[in-house]
Amino acid sequence: MIQLTDVHKTFTVKDKRTHLKKRIEAVRGISLTVKPGEIYGLLGPNGAGKSTTLRMIAGLMQADQGQIQVCGIDTLEKPEKARSVVGYLSTDLNVYGRFTPRELLRLFGEFQGVDAKVAERRGLHLLEKLQLLDFADVKMEGFSSGQKQKVSIARALLHDPKVVIFDEPTTGLDVLTAKTVLDLLRVMRAEGRSVIVSTHVMPLVDEICDRVGIIFDGELHGDAPPKQILETWNAKTLDEVFFQLAARSAAEV
Amino acid sequence: MRGALLVCKKEFMELSKDRKTMFFTFLMPVILYPLLFTMMGKLSQNDEATRKNKPSRIVLVDPGHVVEPLLKADGKAFEVVVAPSGDVKQAIRDQKLEMKLEVDADAATKLEGHKTFGLKATYDKSDDSSKLALSRLKETLQKQDKAWVQARLKALGASPDLAVPTKIATEDAGDMGLFVGKLIGGFLPYMLMIMMFAGSMNLGIYTTAGEKERGTLQSLLCTSLPRNQIIWGKLLFVFAVGIISALFNLLSMGLSIGRVISGGAGAAGAAGAPMGSLSALANPVTLSLTFLLMVPLGLLFANFIVMMGIQAKNTVEAGTAIMPGFVVVMVMAVFSMAPGIEKLAFLPYVPILNVSLAIRKLFSQQGNPLEYTIALLMTVGLAGALTWLSTRLLNRESVLFKV
């Protein structure tokens, strides 16, 4: 279970031209809940606040205001414990090129408090599911981005997390690999995990998400099944919802 | 602490995969120093032997033929040559000859009249062969002077002892080990500082800014490892690399120098004497106390490197930020080698420099417990403060996600 209550996050950035510092509200009062056995799609354009929200849920960043709970654990109070039940994947994350997938998974298993041998066994099982078992003992330096993404997925799921956070999970992947990832997400839903994904790929949302939230300018607009969102906004596609939000935002400015 | 050890293990595992870095960090010095020192020793020995076996070429201006027979009598040491055309001084600088010797025109008359005659030697003070020519000439003249004085005294019917009112016997109270210890104590802190810093600098950058640049730091941060343990693991790794690198360098250098010294001493007939005395001086207590000082110093350097590295956006920025620190350490290290520096009263209170002072005094058997304790406590305090600061920095999102 993931629960966000009135979460805020502000960054201070420096204007290179004026040399003045200014505060940017990346996330403004987001509240949402992802139940066990549910896939929640977080949609929004670049810079809308999706990745910041996911990082806060994963315990990588801390909210300035509000509360985030994963499996009943407050991420602000017990970040390490919260991270132990979260599997986080992002396009920003890379793998250690000098290691083989087997070595990396053993090591990260230990980081997550899993016995090295158990971690290796689980890791190899995940690599098999992701059709990468043949490369388990090959240095990752020469891996394609798709292969690296698969290893990252295995790393994120190694400790059997109850909460799975995938930030742009299919970015840069070919159709076949993307399908493998989507199948895996479905399996995780069936296993009763709370899954939250952010993406730009709208067909993916239609295909796998049970509920959808649209982030625009740090605010959450709509929190409902995809069809209901389309009905509410009187749109045929989720892209149209984006355009309407952009137009509304421009009008407000 | 388990998390820190795991992170450190990961860093060493990663390092072990990079054979080139392993070779250049740890093995290269082991191969390089013996090669370098053996080569230098051989070259120096060959050069000295060549010089000693070659007579000094001298342009002699001796109208009275007073000195000429002396030089010609010792063909192994001197070769009287014809003056080259052009400037003689330039010819000496060009190593076409070693010396020009001008004897007073009335030298023979003065010698007969029991008077002093003059000689003027023109040589190149910066050239070893030219200096050897002068020392050979002085030695020859000293012997001849003695013979002439004794002949004069005999002619006057006086005792030969008349010209030797005193005769001094000398005994060296110095300890060869102490001498070598002072010598080593002078440059050991310098070597330790430079090697510890340089040895861990690049790997420190690789494991901090490098991880950010490669996008692997976040995958480490999203594990359940506490962040302070991640920074401690990295610190431990950078510190260990610095210490191992310095020890490898020193061991290799020590063995190489030892070989050169005992080789040279062997030729002189006193094989192993300096090393024997030194080994008595470098006893387990001295070495342990030195190592005890190295630990917080290494931690101080590791902290600085990690702190700068973690704040940088990329490896280039980290290198640029750490380099001034390296320059400061180098300047301090060079300063610590300056003669007489140990007499400065404020030195025991200057961080880093007080460590070099303490090591220097330990090796010259002048260890001061108070100064040693101040240096140790100050370095431990500084290392602890920097560790606290580094840990706090790694927890800052603006630092971690600065790309």
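Bear in mind the structure is a predicted one, so any value in this text is a computation, not a measurement.

### Brief notes about helix H8 (residues 226-233) of chain A
Residue and element names in this part refer to chain A.
Here's step 1: Among all positions in H8, only Pro 226, Ile 229, Leu 230 and Trp 233 are buried. The arc that holds every buried residue of H8, seen down its axis, measures 100 degrees, which confines them to one face. Away from its buried face, by an angle of more than 90 degrees, H8 presents the exposed residues Lys 227, Glu 231 and Thr 232.
Here's step 2: Downstream of H8 by a residue or two, Asn 234 has a phi angle that is positive, lying close to 55 degrees.

### Some thoughts on a nonpolar patch on the surface
Residue and element names in this part refer to chain B.
Here's step 1: A cluster of nonpolar side chains, Phe 23, Phe 24, Leu 27, Val 30, Ile 31, Leu 35 and Phe 248, forms an exposed patch at the surface whose accessible area comes to about 620 Å².
Here's step 2: Element by element, the count of residues in the nonpolar patch is highest for helix H2 (residues 19-53), at six residues.
Here's step 3: Turning to its location among the elements, Phe 24 is positioned in helix H2.
Here's step 4: The exposed category is assigned to Phe 24, whose relative accessible area is 53%.

### A word on the interface of chain B and chain A
Here's step 1: The partner chain A presents 25 residues to the 27 residues of chain B that form the contact.
Here's step 2: The largest contributions to the chain B side of the interface with chain A come from B:Lys17, B:Cys222 and B:Ser224, which together make up 23% of the buried area.
Here's step 3: Where chain B touches chain A, the interface holds three salt bridges.
Here's step 4: Across the salt bridge formed by A:Glu103 and B:Lys17, the nearest N and O atoms sit 2.4 Å from each other.
Here's step 5: Counting every contact that joins chain B to chain A gives 18 residue pairs in polar contact (both at pLDDT 80 or more).
Here's step 6: Listed by contribution, the elements that provide at least two residues to the side of chain B that touches chain A are helix H1 (2-17), helix H8 (209-214) and helix H9 (217-221) of chain B.
Here's step 7: No other element matches H1(B), which puts nine residues into the side of chain B that touches chain A.
Here's step 8: Classifying every residue of the side of chain B that touches chain A gives eleven nonpolar, six polar and ten charged.

### Notes on the sheet that holds strand S3 (residues 99-103) of chain B
Residues and elements named next belong to chain B.
Here's step 1: Across the sheet, four strands lie side by side as S2-S1-S3-S4; this open sheet has mixed pairing. Strand pairing shows two members of the sheet lacking a second neighbour, strand S2 (78-81) and strand S4 (119-123), which therefore form its edges. Taken over all neighbouring pairs, the strand axes of this sheet differ in orientation by 30 degrees on average, direction set aside.
Here's step 2: Helix H6 (residues 128-156) contacts strand S1 (56-61), S2, S3 and S4 of the sheet and is inclined by roughly 160 degrees relative to S4.

### What to know about the environment of B:Lys143
Here's step 1: Mapped onto the secondary structure, B:Lys143 falls in helix H6.
Here's step 2: Linking B:Lys143 and B:Ala338, residues 195 residues apart in sequence, is a C-alpha distance of 40 Å.

### Focus on the pairing of strand S2 (residues 21-34) of chain A
Here's step 1: As defined by bridge partners, strand S1 (residues 2-14) of chain A adjoins S2(A) across eleven bridges and the pair is classed as antiparallel. Across the sheet, residue A:Ile2 finds its bridge partner in S2(A), namely A:Val34.

### Quick word on the packing of aromatic side chains
Residue and element names in this part refer to chain A.
Here's step 1: Summed over the entire model, instances satisfying the criterion amount to eleven aromatic pairs over all chains.
Here's step 2: With 6.0 Å between their ring centres and 55 degrees between their planes, Tyr 96 and Phe 99 make a pair best called tilted. In terms of burial, Tyr 96 and Phe 99 fall into one category: buried.
Here's step 3: Joined through ring pairs, the aromatic side chains of Tyr 96, Phe 99, Phe 108 and Phe 111 make up one cluster.
Here's step 4: Between the NZ or CZ atom of Arg 155 and the centre of the ring of Phe 108, over which it lies, the distance is 5.8 Å.

### Let's talk about the domain arrangement of chain A
Put simply, an interface is often sized by how much accessible area is lost when its parts join up.
Residue and element names in this part refer to chain A.
Here's step 1: Split into domains, chain A comes out as domain 1 (2-85 + 163-252) and domain 2 (94-160).
Here's step 2: Here the C-alpha centroids of domain 1 and domain 2 sit 26 Å apart.
Here's step 3: Residue-level contacts link 18 residues of domain 1 with 13 residues of domain 2.
Here's step 4: Between domain 1 and domain 2, the buried area comes to about 1,000 Å², and carbon and sulfur atoms account for 64% of it.
Here's step 5: Ranking the residues of domain 1 by area buried against domain 2 places Thr 180, Leu 184 and Arg 193 at the top, with a combined share of 38%.
Here's step 6: Applying the counting criterion to the domain 1 and domain 2 interface returns one salt bridge.
Here's step 7: The closest approach of N and O atoms between Asp 160 and Arg 193, which form a salt bridge, is 2.8 Å.
Here's step 8: On inspection of domain 1 and its partner domain 2, the count reaches two residue pairs in polar contact (both at pLDDT 80 or more).
Here's step 9: Elements that contribute at least two residues to the side of domain 1 that touches domain 2 include exactly helix H2 (79-84), strand S7 (163-167) and helix H6 (175-190).
Here's step 10: Considering every element that reaches the side of domain 1 that touches domain 2, the biggest residue donor is H6, with six residues.

### A word on the environment of B:Arg136
Residue and element names in this part refer to chain B.
Here's step 1: Residue placement: Arg 136 occurs in helix H6.
Here's step 2: Placed 48 residues apart in sequence, Arg 136 and Val 88 show a C-alpha to C-alpha distance of 20 Å.
Here's step 3: In this structure, Arg 136 is in contact with Arg 51, Lys 52, Lys 54, Pro 55, Ser 56, Ala 77 and Phe 78, ignoring residues within four places of it in sequence.
Here's step 4: Among the polar contacts made by the side chain of Arg 136, one reaches the main-chain carbonyl oxygen of Lys 54 at a distance of 3.0 Å.

### A word on the nonpolar core
The nonpolar side chains of a soluble globular protein tend to be buried with one another.
Here's step 1: Of all hydrophobic cores here, the largest spans 157 residues; its most connected members are A:Phe166 and A:Ile196.
Here's step 2: Among the elements that make up this core, the one with the highest residue count is helix H7 (residues 176-207) of chain B (twelve residues).
Here's step 3: The contact partners of A:Phe166, leaving out residues within four places of it in the chain, are A:Leu54, A:Leu89, A:Ile153, A:Ala156, A:Leu157, A:Leu185, A:Met188, A:Ile196, A:Val197 and A:Ser198.
Here's step 4: Listed in part, the 18 residues of the second largest apolar core include B:Ile58, B:Leu60, B:Phe117 and B:Ala133.

### Description of the side chain of B:Glu98
Residues and elements named next belong to chain B.
Here's step 1: With respect to the element layout, Glu 98 can be found in the loop between helix H4 (88-93) and S3.
Here's step 2: Judged by relative accessible area, Glu 98 falls into the buried class, the value being 5%.
Here's step 3: Within the structure, the side chain of Glu 98 is placed 2.7 Å from the backbone nitrogen of Arg 57, a separation counted as a polar contact.
Here's step 4: Discounting residues that sit within four places of it in the chain, Glu 98 has contacts with Pro 55, Ser 56, Arg 57, Ile 92, Thr 122, Tyr 123, Ser 129, Ser 130 and Ala 133.

Basis of the calculations
- Counting restarts for each chain: residues are numbered from 1 in the order of the written sequence.
- Both sets of labels track the order of writing: A upward for chains, 1 upward for ligands.
- pLDDT decides what is reported in this predicted model: residues at 70 or higher carry local features, side-chain atom pairs at 80 or more are listed and counted, and totals for whole chains, interfaces and linings draw on all residues regardless.
- Each side-chain value is derived from all of the structure's non-hydrogen atoms; neither hydrogens nor water enter the calculation.
- Partly exposed residues are those whose accessible area sits between 20% and 50% of the maximum for their type, while under 20% is buried and over 50% is exposed, using a 1.4 Å probe and protein chains only.
- Runs of H or I in DSSP of at least four residues are treated as helices and runs of E of at least two as strands, each being numbered from the N terminus.
- Directions pointing from the helix axis toward each C-beta atom define the arc.
- In this analysis, a patch consists of residues with relative accessible area above 30% that form no salt bridge, clustered at 9 Å for like charges and at 5 Å for the nonpolar side chains Val, Leu, Ile, Met, Phe, Trp and Tyr.
- The protein chains shown are the only cover counted for residues, whose accessible areas, like all others here, come from Shrake-Rupley with a 1.4 Å probe.
- Salt bridges are defined by distance alone: a side-chain nitrogen of Lys or Arg within 4 Å of a carboxyl oxygen of Asp or Glu.
- Contacts: residue pairs with any heavy atoms within 4.5 Å of one another.
- The term buried area refers to how much accessible surface (probe radius 1.4 Å) is lost by two components on association, counted for both of them together.
- As used in this structure description, the phrase polar contact means that two N or O atoms lie within 3.5 Å; if the pair is within protein, one of them must be able to donate a hydrogen and the other to accept it, and residues adjacent in sequence are counted only when both atoms belong to side chains.
- Residues are grouped as follows: nonpolar covers Ala, Val, Leu, Ile, Met, Phe, Trp, Tyr, Cys and Pro; charged covers Asp, Glu, Lys and Arg; every other residue, Gly included, is treated as polar.
- Two strands qualify as a pair provided DSSP detects at least 2 bridges between them.
- Note on geometry: axes are C-alpha line fits, over the in-contact stretch for helices, and angles between N-to-C directions span 0 to 180 degrees.
- Any Phe, Tyr or Trp ring, taking Trp's six-membered ring, that has another such ring centre within 6.5 Å forms a pair; planes under 30 degrees apart are called stacked, those over 60 apart edge-to-face, and the others tilted.
- Criterion for a charge above a ring: Lys NZ or Arg CZ within 6 Å of the ring centre, and within 35 degrees of the ring normal.
- These domain limits were set by an automatic method or by a database of domain assignments.
- Take the buried residues of types Ala, Val, Leu, Ile, Met, Phe, Trp, Tyr and Cys, join any two whose side-chain atoms come within 4.5 Å, and each joined set is a nonpolar core.

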